[in-house]
Structure formats: structure tokens, C-alpha cells
Amino acid sequence: MKPRYCLRLAAFCLGCASASVQAADALLPATMMTAAERSDYVRTSTFAEVIAVLDALQAQSELLHRERLLLTREGRDVPIVVLADPPVTSPEQAQASEKPVIYIQGNIHGGEVEGKEAALILMRDILFGDKQHLLANQILVFVPIYNADGNDAMADDNRPNQEYSPLMTGVRTAHGLDLNRDGMIIEADETRALMRNVIQRWDPDLFVDLHTTNGTWHGYSLTYAPSYHTAGDPTTSEFTSDVLLPTIAQAVQDKFALDFGWYGGFDYRDWPPTELRTYHHAPRYLTNQMALRNRMAILSETFSHDRFYKRVHAANVFIEEILEFTHVHGQEIRRLNRAADARTAQQTVGAEKGVAFTMVPREEPLDLLSYRYIPFAAEDGTTDFARSSELVVIEGVANYNAFEPIRTAAFPSAYVFSSAFAGLADKLAQHGIHVGQLEADTTFTGQVYDVTGIAKQDYQLNGHSNSLLQGEFRSVSRTYSRGDYIVDMSNRLANLIFYLLEPESDDGLAFWNAFDEILEPALDARGDAEYPIFKVL
Ligand SMILES: [Zn+2]
């Protein structure tokens, strides 16, 4: 049996005159301290320094299991770290334990570094500190450094909003790809590895993705968002929004006097703001995809203008309190997720579901915490604004943190496409979707989609000028041949399949240009083209 350190720190009571700190039974070795801690938060960890801390933790604990996420293009062997008590070394063992699996990911954007440090600190506190109870009821899967190549491309001007705290950070992308826009088309090695080695292999019940915002001067130490409900089953998103996140916000307020709130931005030129608006609903963002997979997810954004040590602290207590919540409510989360699986596999064929969405306010407005802005007359006669250092609460702000469909399509019993599209079958398989093949020639009734135009988006996403198809569905019977592909919809990934394959989906494979090569020449030649995927209805 390897020794276990017992380190009880700071029974910190905000109502008390001073915090009490008990002496440690044993000192932690220096090798378990992060580069951030050892440098007084001047530096953030390199990939090698992350690995060194993990090595030190693993050398002293039997509860830590490591496997490979991927070997990056630059040769970094990125680990998945599994903490469990009793230890598990396979998803089968995790499954047999019936404990929920919670996944925490840091550093998807290589310059947003505090999740990486916070995850290392939390692992250490769980294995050797005062957080050992967090393994009683759950299995924890960490990828502290997801974008390893981006992390190590360090320079001092990569994150101007972080104001040189720390001095140097990595870059946002991995070899030019934003890994948090790649969830649907899966072009990066990291995304392919995540889908195979985490999402499909460990099937986490809750996915936590740790970021830092790009600059809105609100007044929160950390802002959050759920996996937004779009074409998925609403229950996982609603539980996250209505129960999980408010409980955690209250807990960090009570325990640490920190203000956490909804993610969003506002225009200070309309001071005082009346609306807080979030980012986007699309499942190319990994957390948003999880609702389509009937799993819960949380986007975490620390406040970029805080000093680095404060951001690490905020990220650290956030994930700590998430795990305190799942420690108590993990079985409820598992039940909700699996009930959503069952409903998803038995949906009504022909029912209309959303394929494009718009942002709407949640029912309850919020009291927004923000630094106050002071309007003043600029020398050129216009009104300008200065940000004060005074925190104020603006009551009754509309909270645009929900989405509603603006376009719908009929939910089919299956999608069918020609055996010529093996690449499409592979892409679906990368998502963990089962793609079958017809055993005999078969005639189906349903719909084809006649494309009459393609609207190209006027901005680029990961090098794509995305395509929005325009056209109409037409009811037909169609005979497909033995060996052609069929994707049955009576399974738990049906909502994801629908979002990927619907022609008018605002984040489907068509949007990611998967069919431009066959549609565009036909459109040029004849003025219309048939979308190559048949819907069985
Ligand atoms: Zn980010």
C-alpha cells in the first residue's frame, strides 16, 4: 500500500475573525506542486510540467489510472487521467461500479490556462488532501491539457485580455483549428481522439469544459452555461440550468464569497444594460453537443481580467463544487440521462423538430453584477464611456441564455444513402453512430430534398465558408441496393444524427461543406440538385 498524505487546510469560515489552519501530517513533495504555484503565478505549466505533476501523483497513489488521449502532431503523448476508489482501469469496471462518470477538461483553447492548473490542484486535493470523499460515489476522468500543442506554443502576446498574468500563454488553436468549433465535422486529431477515447469509451454523465472569457467586464469571478437545449431531449439541459448551476453558484457564494453567474456579454454603450446575451447554441461547441447525446455539460469561463491566481482559484472551487454536487446527486444525473436515452430512442416518426435556432431570454430575468460605466462627453462631441472600479447590481436584466427553433423538419425512422458515400459512413462512425448496410434491395417511402441554392456564410469557421442549403422536401418512394447505408433512428444518438444529417440543419454536415462537391456542379449545370440522403418516413 502506497502512503497517503493527509493534509487538512484552512477550515475557512467567512463569519470568523480569522481562518484557522491546521498543521499538515506530512508535507507535499515539491514535485506535486504546479508550475503556477511554484512560480507565484508568474508562469503557467508547460505540457512537460503537467506530466511531471501527474507522474508525482501517480507514484504515490493506486487510485490514479492513466491512458492515452492521443499522440499529437508534435509528438506530445496527451493523457487521460482516471481517479476512482476502488481504482478502475477500464470502462467496463466503471460501468460495473454503477457510479456516474464525471469528465473535466482543461486548456481546449491553449491560452486559457487556469483549468489546466485547477484540475491538477483538484486531483492532488482528492488523492492527498481534504477531498478524498469525492471518490466515494463517482468516477472522475480528467484531461487537464487537451490542446497540448497549442499550450506549448507560448508567447507573451497571445492573450492580451489576460494582461500578462501569467506572463506567457499558449495559442487558442491546435495547428490552426479551433478545437471548440470542430465537434460536428471532426477534423482535428484531438476531436477524433476525444470522441473515441473519452466520449465513446468512458461515456461521461457530465462534461465540464474549462475556459477563460475574452474580455467582457462583468463583475463575476466565473460565468457558466449549460449544454443548450436544441433538438435534444430537454431534461438534461433543464436540470443543469435550473438545479445544478444555481446550487453551485450558491455554494461558492456561501463558502468562498465568490460571485458566479450566467455566461454572456452586453454592450456598455447602452448603459445600464437591459440584456445579457450568451454565445451560440450550435453543437460544434463540445458542451452543446452533449445535450444531443443525452448527457449533461457545463461551460466554465473564468474572468480574463482577474489576476491569474484568482482565476485558478475560481476554476478550482467551481470544479470542486461541481464534484461536491455530483457526489450527492450523481445517481439522479445518471437516471435523468438514461431516461433521456430511452425517450430519444422512441420518438414519433414525422414529428417536427428544430434544425435552426435563435437566442431567446430565459423566463426569469437576472440581477447582473457589473463594473459601472460612466458616460462622458468626448472631445469630438460624442458620448464615450469610462469603466469605473465600482461593482454594481443591475436588476431585471433579460437573460438571453436559451434557444428556440426558427426552422423545423420531420423526424424520420431512418436515413438511407448510397454505398458510394463511404466517407460519410466513416464520419458518422467517428461520432459513435451505428451505420448499417442493406442486406437486400429495399424500397422505402419518405422524402428527398431538392436543393435550389446554397447560401455561403460570409465568415470563416476553421477555414470553412459554411453552406446553408435552400430547397424543398418532396415525398417519393425510392429503391436502394444491397450494401447501401442505413442509419436507424431508434437509438439514443438519434437527436445527434438528426442534427448532423438534416439538409437545413444550421450545424450539420451539409453546413460543414460535406456535400458541396456534388451539389454545386449539379446546381451550376441544371439549377437544382438532390441532397444525397433519403429520409424514411
Ligand atoms: Zn475558450
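From a predicted model like this one, the values you see are computed outputs, not experimental measurements.

Chemist: Explain the domain arrangement of the chain here, please?
Modeler: How big an interface is tends to be stated in terms of accessible area lost as the parts join. The domains assigned to the chain are domain 1 (30-343), domain 2 (358-403) and domain 3 (408-536). On a C-alpha basis, the centroid separation for the pair domain 1 and domain 3 is 33 Å. At the interface, 22 residues of domain 1 touch 17 residues of domain 3. Top element by residues in the side of domain 1 that touches domain 3 is helix H6 (residues 189-202). It accounts for 4 residues. Across the side of domain 1 that touches domain 3, the residue classes break down as 10 nonpolar, 3 polar and 9 charged.

Chemist: Before we go on, may I ask you to explain the packing of helix H4 (residues 114-128) against helix H9 (residues 308-344) in this structure?
Modeler: Relative orientation and spacing of two packed helices are given, respectively, by the angle between their axes and the distance between those axes. As a packed pair, H4 and H9 sit with axes 8 Å apart at the nearest point and diverge in direction by 55 degrees. Here H4 is positioned oblique relative to H9, judged by the angle of their axes. When you trace H4 past H9, the crossing you get is right-handed. Where H4 approaches H9, its residues Glu114, Gly115, Glu117, Ala118, Ala119, Ile121 and Leu122 are matched on the opposing element by Phe308, Arg311, Val312, Ala315, Asn316, Ile319 and Glu320. Residue composition of the contact of H4 with H9, grouped by class: 8 nonpolar, 2 polar and 4 charged.

Chemist: Can you walk me through the packing of helix H2 (residues 47-59) against H4 in this structure?
Modeler: The geometry of H2 relative to H4 is characterised by a closest axis approach of 11 Å and an angle of 5 degrees between their N-to-C directions. In terms of orientation, H2 and H4 fall into the roughly parallel class. Contacts from Val50, Val53 and Leu57 in H2 reach Lys116, Leu120, Met123, Arg124 and Leu127 in H4.

Chemist: For this particular structure, what's the right way to read the sheet that holds strand S8 (residues 275-277)?
Modeler: In sheet architecture, strand pairing relies on hydrogen bonds along the backbone and comes in two forms, parallel and antiparallel. Here 3 strands make up an open sheet; going across it, the order is S8-S12-S11 and the pairing mixed. At either end of the open sheet lies a strand with only one pairing partner, and these are S8 and strand S11 (366-377). When strand polarity is set aside, the average angle formed by the axes of neighbouring strands in this sheet is 60 degrees. With 3 bridges joining them, S8 and strand S12 (residues 383-400) adopt parallel strand pairing.

Chemist: Explain unusual backbone geometry to me, please; I cannot follow it from the model alone.
Modeler: Peptide bonds are trans in most cases, and residues, glycine excluded, mostly fall at negative phi. Here the bond from Ser165 into Pro166 is cis, since omega is 5 degrees, no more than 30 degrees from zero. Among the structural elements, Pro166 can be located in the loop between helix H5 (148-152) and H6. For the bond running from Trp271 to Pro272, omega is -5 degrees, close enough to zero to count as cis. Along the chain, the position of Pro272 falls in the loop between strand S7 (260-262) and S8. Although it is not a glycine, Asp40 adopts a positive phi angle of roughly 60 degrees. Relative to the assigned elements, Asp40 resides in the loop between helix H1 (35-38) and H2. Its 10 C-beta neighbours within 10 Å are what place Asp40 among the exposed residues. Even without being glycine, Glu163 reaches a positive phi, approximately 55 degrees. Here Glu163 lies in the loop between H5 and H6. The exposure class assigned to Glu163 is exposed, which follows from the 11 C-beta atoms found within 10 Å.

Calculation criteria
- Residues numbered from 1 in each chain as written.
- Predicted model: local features only at pLDDT ≥ 70, side-chain atom pairs only at ≥ 80, totals over all residues.
- Domains from an automatic or database assignment.
- Contact = placed C-beta atoms within 7 Å.
- Helix = DSSP H or I, 4+ residues; strand = E, 2+ residues; numbered from the N terminus.
- Nonpolar A, V, L, I, M, F, W, Y, C, P; charged D, E, K, R; others polar.
- Axes fitted to C-alpha atoms, helices over the stretch in contact; angles between N-to-C directions.
- Parallel < 35°, antiparallel > 145°, perpendicular 65-115°, else oblique.
- Left-handed = near helix turned anticlockwise from the far one by under 90°.
- Pairing = 2+ DSSP bridges.
- Buried ≥ 20, exposed ≤ 12 C-beta atoms within 10 Å, placed from the backbone.

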